[in-house]
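Structure assessment
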Amino acid sequence: MTIFNCHLRRLASNLMRQIYCSHHLSSKRYSSNINIMAANGIKLSWKITKEQINPIAEKLMEKVKAVYDSIGALSDDEVTYDNVVKAAADNASWFAVEVNNLHFLRNVSTDKDIRDTSVAATKKLSEFDVELSMRQDVFESYVALEKKEEFKTWKPEARRFVERMIKIGKRNGLHLPKDAQDKITAILKRMSDLSIDFSKNLNEENTVLEFTEEDLAGLPDDFIKNLEKSSEGKLKLTLKYPHVFPCMKKAINPETRKTVETAFNSRCLKENTPILEELVRLRHEKAQILDYKTHADFVLDMRMAKNQKNVAEFLVALTKKLQVLKKEELELFLEYKKKECEDHKYEYDGKINNWDLRYYMTMVEEKKYAVDQQQLKEYFPISVVTKGLLEIYQELLSLEFTEVPNPDVWHEDVPLYSVKDKKSGDLIGYFYLDLHPREGKYGHAACFGLQPGCLAPDGSRQLSVAAMVANFTKPTADQPSLLTHDEVETYFHEFGHVMHQICARADFAMFSGTNVERDFVEAPSQMLENWVWEKEPLTRMSSHYKDGSATR
């Protein structure tokens with residue numbers, strides 16, 4: 001997945017869209033607050049303190065308001081490409097860096113105070129964003145600009161920028177009466193706060209389950225050995241991926257799997273259930289005000305699929321094609337389950353429950369296809385996978401990666417790489433790799449776009465900067481971090497998003513990197529991840545952590 005969840009994507013892109021202020025202000029902004037650069041061309045800093053976050057956000061809002069006031073004050077006759085579109089595009093580049101810098105901290109900072117302050121600042125910026133997005137005067141400036149005769153002669157991307165701004169304005173109800181706009185404003189602010197709270201709750205979730213060794217029978221010895229113990233001597237299992245997935249795949253006891261599966265899918269149940277319920281209601285209410293039948297219709301209006309009918313037809317057709325395979329696999333799962341229950345004296349209920357699915361899928365791999373994931377992961381130490389992955393991507397895309405020495409990063413385990421175009425030798429971007437879990441960190445695998453690759457005010461190209469965040473098993477005293485093949489696939493997939501961020505060549509920050517239609521954004525990574533199913537790439541990404549032998 002790419003990171004920006006729907007709230008952060010909207011916040012970053014909406015606030016970028018219509019910024020207009022002098023280049024002097026943006027340059028001064030960096031020198032006074034986040035001028036410590038990790039490497040040439042990076043405008044981010046990971047030395048921001050808790051005390052600096054709110055002042056930075058306040059100054060941002062002050063300057064952006066001036067931008068909107070300038071655009072909104074223009075008469076229909078005064079609007080031009082330069083005083084609206086170019087001015088906005090010039091300054092969107094620096095603004096995107098600053099806002100991303102602030103709210104990325106909530107996902108990766110090791111300091112809970114900084115994470116909490118980042119969350120509060122993100123809420124404040126988001127509410128401010130809603131107010132700006134509802135500026136009728138700014139919306140009318142874009143409408144007037146589109147009517148200009150010279151608009152037809154502009155480059156396609158510039159025309160798309162104006163058309164997109166008008167489309168977004170209408171989706172915010174700026175073509176509707178004032179009372180409808182006021183309702184939408186209130187809804188958007190509330191939805192924003194709820195979305196931020198939802199994500200924060202998940203990031204800070206720290207449930208621990210306790211089991212006996214007998215409860216965890218079937219799990220590998222190295223897994224059991226590395227679990228912490230409670231004061232009563234029980235084994236402690238968290239709800240992080242490196243604990244949950246092995247348990248769901250290998251724990252023999254169905255009650256153990258049920259306990260873990262239920263707890264995992266019930267994370268933040270008390271806190272987040274009312275949030276989801278209110279979000280569903282608010283989304284529907286907003287859709288109705290905007291004359292959409294449902295929230296799904298509202299969303300699909302901006303997607304390639306366009307409408308519910310197309311989505312339903314696609315899903316129904318796909319479901320029909322999979323029925324034969326589903327029947328065959330479920331019959332095999334039940335056959336295995338019946339024998340398993342007989343062997344271990346468990347009650348056989350004649351069905352495959354949610355907590356059974358990964359377990360019997362793993363059993364099929366082992367019995368039918370002779371694939372042992374536990375043995376296989378011994379060939380995928382993360383250092384070898386990383387080296388092979390980087391080499392393959394460099395060859396595929398004709399790039400050159402170089403690790404930056406002593407980089408400015410948010411955690412000592414995070415490396416920074418520069419990216420050059422191999423043919424021209426031009427530096428085109430940077431990427432960070434944050435691969436292991438820790439307390440308070442974003443809990444999934446994702447790519448975060450941090451600095452958009454787009455045109456700078458002087459016509460040069462601003463470098464793109466991205467971060468891949470994952471939660472692969474940590475190394476131990478006895479062995480390195482070992483990846484399952486699924487994790488190798490995830491690694492290849494998410495790094496595909498990183499490459500999309502860095503290699504895209506847009507003029508406007510609004511269209512940079514993975515800022516494409518949401519039902520297209522996964523396509524490049526889904527194609528690129530298929531390399532992990534080919535023999536040659538697998539050989540290059542594998543080496544047994546003990547003897548160095550490759551997969552065969």
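Scoring rules and cut-offs
Residues numbered from 1 in each chain as written. Predicted model: local features only at pLDDT ≥ 70, side-chain atom pairs only at ≥ 80, totals over all residues. Heavy atoms only, no water. Helix = DSSP H or I, 4+ residues; strand = E, 2+ residues; numbered from the N terminus. Buried < 20%, exposed > 50% of the residue type's maximum accessible area, 1.4 Å probe, protein only. Contact = heavy atoms within 4.5 Å. Axes fitted to C-alpha atoms, helices over the stretch in contact; angles between N-to-C directions. Parallel < 35°, antiparallel > 145°, perpendicular 65-115°, else oblique. Left-handed = near helix turned anticlockwise from the far one by under 90°. Nonpolar A, V, L, I, M, F, W, Y, C, P; charged D, E, K, R; others polar.

Here we take up the environment of Leu332. As for its position among the elements, Leu332 is in helix α14 (residues 308-344). Here Leu332 falls in the buried class, since its relative accessible area comes to 18%. Taking the C-alpha atoms as reference, Leu332 lies 60 Å from Asp90; in sequence the two are 242 residues apart. In this structure Leu332 touches Val364 and Lys368, once residues within four positions along its chain are discounted.

Looking at the secondary structure, you find Glu271 in helix α12 (residues 269-289). Relative accessible area serves as the criterion here: at 42%, Glu271 is assigned to the partly exposed category. For the pair formed by Glu271 and Ser383, sequence separation is 112 residues and the distance between their alpha carbons is 38 Å.

Axes are the key here: two packed helices are described by the angle between their axes and the distance separating the axes. Packing of helix α17 (residues 382-397) against helix α18 (residues 485-503) leaves a shortest axis separation of 11 Å and a crossing angle of 40 degrees. Viewed along their axes, α17 and α18 adopt a mutual orientation that is oblique. The two elements α17 and α18 cross, and the hand of that crossing is right-handed. In this structure, α17 contributes Ile382, Val385, Thr386, Leu389, Leu390, Ile392, Tyr393 and Leu397 to the contact, and α18 contributes Val488, Tyr491, Phe492, Phe495, Gly496, Met499 and Cys503. Partitioned by chemical class, the residues of the contact of α17 with α18 number 13 nonpolar, two polar and no charged.

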